[in-house]
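Structural description and commentary
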Amino acid sequence: MSAMTVEMLQPAPSDPKIILIGLNRCATTSFHKLFQNSGISSVHWVDDGDNNLAHRMVTNIAMGRKPLDGFGAVRAFSDIAFTNSRFLLDGSRFFRELHAAYPDAYFMLNTRNRDDWIASRARHSDGKYLERCCKANGQTADDVKRGWSHLYDVHHAEVETYFDGNPRFLRFDIDEDSPQIVADWLSSDFDVNIVHWGHYNKGASERAQTG
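Read on for an overview of the structure. (Residues numbered from 1 in each chain as written. Predicted model: local features only at pLDDT ≥ 70, side-chain atom pairs only at ≥ 80, totals over all residues. Heavy atoms only, no water.)

Enumeration over the complete set of coordinates arrives at eight salt bridges. With its nearest N and O atoms 3.2 Å apart, the salt bridge here joins Glu 158 to Arg 96. Of this pair, Glu 158 sits in helix α7 (residues 141–162) while Arg 96 is found in helix α4 (residues 95–101), placing the two residues 62 residues apart along the sequence. The exposure class assigned to Glu 158 is partly exposed, which follows from its relative accessible area of 28%. By relative accessible area, Arg 96 is classed as partly exposed at 35%. (Salt bridge = Lys/Arg side-chain N within 4 Å of Asp/Glu carboxyl O. Helix = DSSP H or I, 4+ residues; strand = E, 2+ residues; numbered from the N terminus. Buried < 20%, exposed > 50% of the residue type's maximum accessible area, 1.4 Å probe, protein only.)

On to the environment of His 32, then. With respect to the element layout, His 32 can be found in helix α2 (residues 28–37). Expressed as a C-alpha distance, the spacing of His 32 and Trp 197, which sit 165 residues apart in the sequence, is 9.6 Å. Setting aside chain neighbours within four positions, we find His 32 in contact with Ser 42, Val 43, His 44 and Ser 78. Within the structure, His 32 has its side chain in polar contact with the side chain of Ser 42 (distance 2.7 Å). (Contact = heavy atoms within 4.5 Å. Polar contact = N/O pair within 3.5 Å; in protein donor to acceptor, adjacent residues only side chain to side chain.)

These results come straight from atomic positions and should not be treated as a statement about function.
So, in structure tokens, the structure goes:
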């Protein structure tokens, strides 16, 4: 058997990703900081080149590429979202496409109490996020909040049904669960130091276009 044949028979090296598929305003910045400060390459909302994660993901899918192509050696992805006054994109709704492309990835449904989540979204960026959602939907604030409530229920039900029994899936309640659960869950492939866990982006500074 030639050396080339032996090399071809070797399994590809494992390079799993960590993909947060919870909706925004569920501690995505906190997880990004946790991973980043634990030495895990991470991208949150935009990369260093100001490329929006959700935009690139959808473009990749449309072009027949893997959803996260173009992010190099990045291992962790959070806040896959984009919103302006004309367009809304909750990239976590593409969890099926992401799992099909990266079956060995770790998928986390980062979540919180629904009413608290809606209130956090409504306050985000001093209410400007809600204003953009109203304009993009052509709806009142109350209508948008009812839509968020429906989205929350549908997304959680579909994600938990889809990943039922999958050991590479974790539902993490940011108000109830210890970050040690995340560290233990990822320990086969990642060394997560929970000393870096904290509550970041509580006030959510204004971004021109944000998810």
